[in-house]
Amino acid sequence: MASLLQVLFDALSLGSLYALGALGIALIFGVMRLVNFAHGDVIAFSLFALLWPSTDAVAIVFAGNLPWFLLIPFTLAIGAGLSVLSELVVFRRFRRANPATMMIASFALGFVIRYFLLMLFTSRPKSIALLPALSQPVEILGARIPLLQLITILVTLAVLIGLTLFLRRTRFGLEMRAAAENFTMARMLGVRANRVIMGAFALSGALAAASALILGSQTGTANIMMGANVMLMAFIATVIGGMGSLAGAVLAGFLLGAIATVMQVILPPDARAFRDAFVYGAVILVLIFRPQGLLSARGAKERV
Amino acid sequence: MKRLTAVLAASTALAAPAFADDDRIVVGFATAESGFMQGYDKPAQDAAIIRIAEINEAGGLLGKQLEVVNADTKTDRAEGAKAGLSVIDAGADMVVVSCDYDFGAPAALAAESAGLISFFLCAESVKAGIQGVGPNSFSASVLAAVQGATMAQWAYEKKGARSFYRLEDTWTEYNKGICDGFDWMLPKLAEAQLVGEDSFLNEDASIAAQITRIKALPEEPDAIMLCTMMPGGVSAIKQLRAAGITSMILNGSGMDGSYWMSAVPDLSNFFVPVQGSVFGDDPNAEVNAFNAKYKEVTGGDPATQYTYPGYVMIDVWAKAVERAGTTETSAVVAELEKMVDEPTLFGPRTFTAELHHQNKARYLIVETTGGKPAVVDEWTISEPIPVADLMK
């Protein structure tokens, strides 16, 4: 029983990480049909922003020393700021370009961010003790789980509830949903496009920063490549969730986390090295039976 | 016509160093000066250059001064081959290549086909040498398998560890090498028992499922053999300890250094094999003197033991050249292959006609207690790992 509960927590915490990433991608895809591949690099940037640039092996922790009630808003602001900046400097100029062009631009932006970090910090991974109080185990119903796992799950749930309220109950949220549904129509009805898109970028950047905080406290390591793996999983989650569907992205994120965890548990030792092949196999199966994704966004359907 | 003469003149000027003048010996470094391998190549290269400077100060090698030429591999395999050719063109008598087998091999192969000796700065795969490059290629470090075998035998003999758990990060050959050495040693330890095994990927954000499997054991294993490296290793260790697992953690040398330990505050019961200590407590005073010299030259202490193979490399090569009385490849290789337990600052080194790498070596054991690493013991595995077992 306890071990089953443990597996459940493992799956939920990994799924939370993927869900947060997927949500960040789905938000932007919803309003402007852009698959933002720079999202992973925004995650890395948000974590590196807590360190002082140096090429030494030992990281010089700078903003990372702030108490948690300042550290969290600071990191979220960095993520949101960088994301908004990328919209202002790069994506605004591609507003009328086709999605493939925008996707390539996002790849390019990701490289720029990554190499900027490489220049300042070198390629050596840096260690950082982020929110060390979270590295304590806690006991719940006989399962001993790291406090951070619990916090990750709770934070993700809080973000999901907050975002749902924001999208359902506020004017800005309504505009964002309208824009996601049919961008041209929304504009004609008086939704200010730039404001909505900027809002989506800010939210997405803040979600990237939240992922950065969780990853940073979990792994204790800042690495310029750290966003790549989460980004890939998050992207897959948005695809199988149904491009543009926020609920779908979250659901698929949790599903991927669950599949990866369960595969690790049930596969024999020799096959575990190929766990991801099984995970992607499951993804292919989903796409064969539901090519439009688990929950397809209404706006994304082809209209004849 | 005039233009052709100019081109010809230019190319002869470029080619000129290839006909090395006789009052110098050239060491060519085809290593990474940029990209992610730079972080690993640079310290060992700095150590090599310190040894070169020492030799020059003492009057040179065969009465000639050693000179250094560089070419950047940019952490790219195609660039690696070019960098190799470029230092060969610049007249290198010996070619030093990147730390890692995959990144160093292109330049090493270029040296091999030019009939020159190549040395991997610190590669720990058996392929970095005869098996993967050719008869003139060597590695300055010790095989990863020796690290796994050392940790298993030492923990068994000195710490009384009986139940072992094997946790392998399947990312690199190096990781696999450590676990191969562990697998080779374990059956030789009469009462040792493998109570479980699992694998993960270096880039995994979470190893929660692997940890759950360890926690599901009837009792915590005495020791966990963790075959991994940066950066995922830190994450794995942090998560193991955060989950309340207190078993000894045995590692390869890849986890040496204290620069990452801020990530796992108060880490204890954590063991790493090293060729020399970067913590200022090496039992050999000369190693501590080397650390001081390194700091003087580079401005910082060595971050990990992977600094040292660069020094050993120039040391053994220069001895072989001295004994051969020439830099001619076959003569130097023959002298290197005669070395049996050749003393160096960082333990004895042996090269044979079958293996240009160390399949047995003295390791210092560094234990970390309360976040403070210190040398607690030294260990040499009871017998060398057979070449056949290394090739599995």
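From a predicted model like this one, the values you see are computed outputs, not experimental measurements. (Residues numbered from 1 in each chain as written. Chains lettered and ligands numbered in written order. Predicted model: local features only at pLDDT ≥ 70, side-chain atom pairs only at ≥ 80, totals over all residues. Heavy atoms only, no water.)

### Brief notes about the overall build of chain B
Looking only at helices and strands, one finds 13 helices and 12 strands in chain B. Split into buried and exposed, the 392 residues of chain B put 59% on the buried side. Partitioning the intrachain contacts of chain B with sequence separation of at least 6 by distance along the chain shows that 68% fall at a separation of at least 24. Accessible area for chain B stands at about 14,300 Å²; split by element, carbon and sulfur atoms hold 54% of it. Here chain B holds 30 positive side-chain charges and 52 negative ones, and the gap between their average locations is 2 Å. (Helix = DSSP H or I, 4+ residues; strand = E, 2+ residues; numbered from the N terminus. Buried < 20%, exposed > 50% of the residue type's maximum accessible area, 1.4 Å probe, protein only. Contact = heavy atoms within 4.5 Å. Areas by Shrake-Rupley, 256 points an atom, 1.4 Å probe, with all protein chains shown as cover. Lys, Arg positive; Asp, Glu negative; His and termini not counted. Charge placed at Lys NZ, Arg CZ, Asp CG, Glu CD.)

### Side note on the environment of B:Ile50
Residue and element names in this part refer to chain B. Within the secondary structure layout, isoleucine 50 lies in helix α2 (residues 38-57). Along the chain, isoleucine 50 and glycine 310 lie 260 residues apart, while their C-alpha atoms are 9.1 Å from each other. In contact with isoleucine 50, other than residues within four places in its own chain, are Phe290, Lys293, Tyr294, Val297 and Tyr311.

### Some words on a nonpolar patch on the surface
A contiguous nonpolar patch, built from A:Leu66, A:Trp68, A:Phe69, A:Leu70 and A:Phe74 and spanning about 510 Å² of accessible area, is present on the exposed surface. On the basis of relative accessibility, which here comes to 32%, the residue A:Leu66 falls in the partly exposed class. (Patch = residues over 30% accessible without salt bridge, like charges linked within 9 Å, V, L, I, M, F, W, Y side chains within 5 Å. Salt bridge = Lys/Arg side-chain N within 4 Å of Asp/Glu carboxyl O.)

### What about the packing of aromatic side chains?
Enumeration according to the criterion identifies 20 aromatic pairs over all chains in this entry. With a centroid separation of 4.9 Å and 65° between ring planes, the pair formed by A:Trp52 and A:Phe62 is classed as edge-to-face. Of this pair, A:Trp52 sits in strand β1 (residues 51-52) while A:Phe62 sits in the loop between β2 (60-61) and α3 (68-89); the two residues are 10 residues apart in sequence, bridging distant segments of the chain. By relative accessible area, which is 46% here, A:Trp52 ends up partly exposed. With 5.3 Å between their ring centres and 85° between their planes, B:Phe138 and B:Phe351 make a pair best called edge-to-face. Here the residue B:Phe138 occupies a position in strand β5 (residues 137-139), and B:Phe351 occupies one in the loop between α12 (329-337) and β11 (362-369), the gap between them amounting to 213 residues. Residue B:Phe351 is classed as buried on the basis of its relative accessible area, which comes to 2%. Positioned above the aromatic ring of B:Tyr40, the side-chain terminus of A:Arg124 is 5.6 Å from the ring centre. In this structure, A:Arg124 packs its charged tip against the face of B:Tyr259, placed 5.3 Å from the ring centre. (Phe/Tyr/Trp six-rings, centres within 6.5 Å; stacked < 30°, edge-to-face > 60°. Lys NZ or Arg CZ within 6 Å of the ring centre and 35° of its normal.)

### Description of the interface of chain A and chain B
With 38 residues of chain A at the interface, the matching set in chain B holds 36 residues. Counting the surface lost from both chain A and chain B, the interface buries some 3,000 Å², and carbon and sulfur atoms represent 54% of this. The interface formed by chain A and chain B includes 2 salt bridges. Across the chain A-chain B interface, the total number found is 13 residue pairs in polar contact (both at pLDDT 80 or more). Among the elements of the structure, α1 (2-32), β5 (143-146), α8 (193-219), α10 (246-266), α11 (269-272) and α12 (275-289) of chain A are those that each provide at least two residues to the side of chain A that touches chain B. Top element by residues in the side of chain A that touches chain B is α1(A). It accounts for 6 residues. (Buried area = accessible area lost by both parts, 1.4 Å probe. Polar contact = N/O pair within 3.5 Å; in protein donor to acceptor, adjacent residues only side chain to side chain.)

### Some words on the packing of α2(B) against helix α11 (residues 308-324) of chain B
Two numbers describe a pair of packed helices, the interaxial angle and the distance between the axes. Residue and element names in this part refer to chain B. Where α2 contacts α11, the two axes come as close as 6 Å, and the packing angle between them is 40°. For the element pair α2 / α11, the angle class is oblique. With respect to the hand of their crossing, α2 and α11 are arranged in right-handed fashion. Between α2 and α11, the contacting residues are Ala44, Ala47, Ala48, Ile50, Arg51, Ile52, Glu54 and Ile55 on the first element and Gly310, Tyr311, Met313, Ile314, Asp315 and Ala318 on the second. Class assignment of the residues belonging to the contact of α2 with α11 gives a composition of 10 nonpolar, 1 polar and 3 charged. (Axes fitted to C-alpha atoms, helices over the stretch in contact; angles between N-to-C directions. Parallel < 35°, antiparallel > 145°, perpendicular 65-115°, else oblique. Left-handed = near helix turned anticlockwise from the far one by under 90°. Nonpolar A, V, L, I, M, F, W, Y, C, P; charged D, E, K, R; others polar.)

### Focus: the pattern of salt bridges
Per the counting criterion, the structure on display carries 27 salt bridges over all chains. Here A:Asp276 ties to A:Arg275 by a salt bridge, and the two come within 3.2 Å at their closest N and O atoms. Across this residue pair, the class does not change: A:Asp276 and A:Arg275 are buried. With a shortest N-O distance of 2.9 Å, B:Glu54 and B:Lys293 are connected by a salt bridge. With B:Glu54 in helix α2 and B:Lys293 in helix α10 (residues 285-298), this pair connects stretches of sequence that are 239 residues apart.

### Points about the domain arrangement of chain B
All names here are of chain B. Looking at chain B, the domain boundaries give domain 1 (2-142 + 287-337) and domain 2 (144-274 + 362-390). Relative placement of domain 1 and domain 2: their C-alpha centres are 32 Å apart. Counting residues at the interface gives 10 residues for domain 1 and 16 residues for domain 2. Between domain 1 and domain 2 the total buried area reaches about 920 Å² when both faces are included, carbon and sulfur atoms providing 59% of it. Of all residues in domain 1, Glu124, Val142 and Gln305 give up the largest surface area on contact with domain 2, accounting jointly for 45% of the area buried on that side. Summed over the shared surface of domain 1 and domain 2, the number is 0 salt bridges. Residues belonging to the side of domain 1 that touches domain 2 are distributed by class as follows: 5 nonpolar, 3 polar and 2 charged. (Domains from an automatic or database assignment.)

### So, the side chain of B:Arg362
Residue and element names in this part refer to chain B. For arginine 362, the position within the fold is in strand β11. For the buried arginine 362, no salt bridge is present, and the opposite-charge side chain at shortest range is glutamate 378, 4.3 Å distant. Within the structure, arginine 362 has its side chain in polar contact with the backbone oxygen of glutamine 275 (distance 2.7 Å). Those residues in contact with arginine 362 that lie beyond four places of it in its chain are Gln275, Phe346, Gly347, Pro348, Glu378, Trp379 and Thr380.

### Side note on the packing of helix α9 (residues 226-241) of chain A against α12(A)
Residue and element names in this part refer to chain A. It is the contact of α9 with α12, at a shortest axis distance of 10 Å, that shows an interaxial angle of 20°. Taken together, the axes of α9 and α12 are roughly parallel relative to one another. Remark: the crossing between α9 and α12 carries left-handed chirality. Judged by residue contacts, Leu232, Met233, Ile236, Val239 and Ile240 of α9 engage Val279, Tyr280, Val283, Val286 and Leu287 from α12. Its residues placed into classes, the contact of α9 with α12 shows 10 nonpolar, no polar and no charged.

### Considering the sheet that holds strand β8 (residues 223-227) of chain B
What links the strands of a sheet is backbone hydrogen bonding, and the strands pair in either a parallel or an antiparallel sense. Residues and elements named next belong to chain B. Strand order in the open sheet formed by 7 strands is β7-β6-β8-β9-β10-β11-β12, with mixed pairing between adjacent strands. Looking at which strands have only one partner, the edges of the open sheet turn out to be β7 (193-200) and β12 (372-380). Ignoring strand direction, the axes of neighbouring strands in this sheet form an average angle of 25°. For strand β9 (residues 248-250) and strand β10 (residues 270-274), the ladder comprises 2 bridges, and the chain directions are parallel. Each bridged residue has a counterpart across the sheet, and for isoleucine 249 the counterpart in β10 is phenylalanine 270. Across the face of the sheet, helix α9 (residues 232-242) comes into contact with β7, β8, β9 and β10 while running at roughly 165° to β9. (Pairing = 2+ DSSP bridges.)

### Overview of α12(B)
All names here are of chain B. Buried within α12 we find Thr329, Val332, Val333, Glu335 and Leu336. Taken around the axis of α12, the buried residues stretch over an arc of 160°, which confines them to a single face. At its buried positions, α12 is contacted by β4 (117-120), β5 and α11. (Arc of directions from axis to C-beta.)

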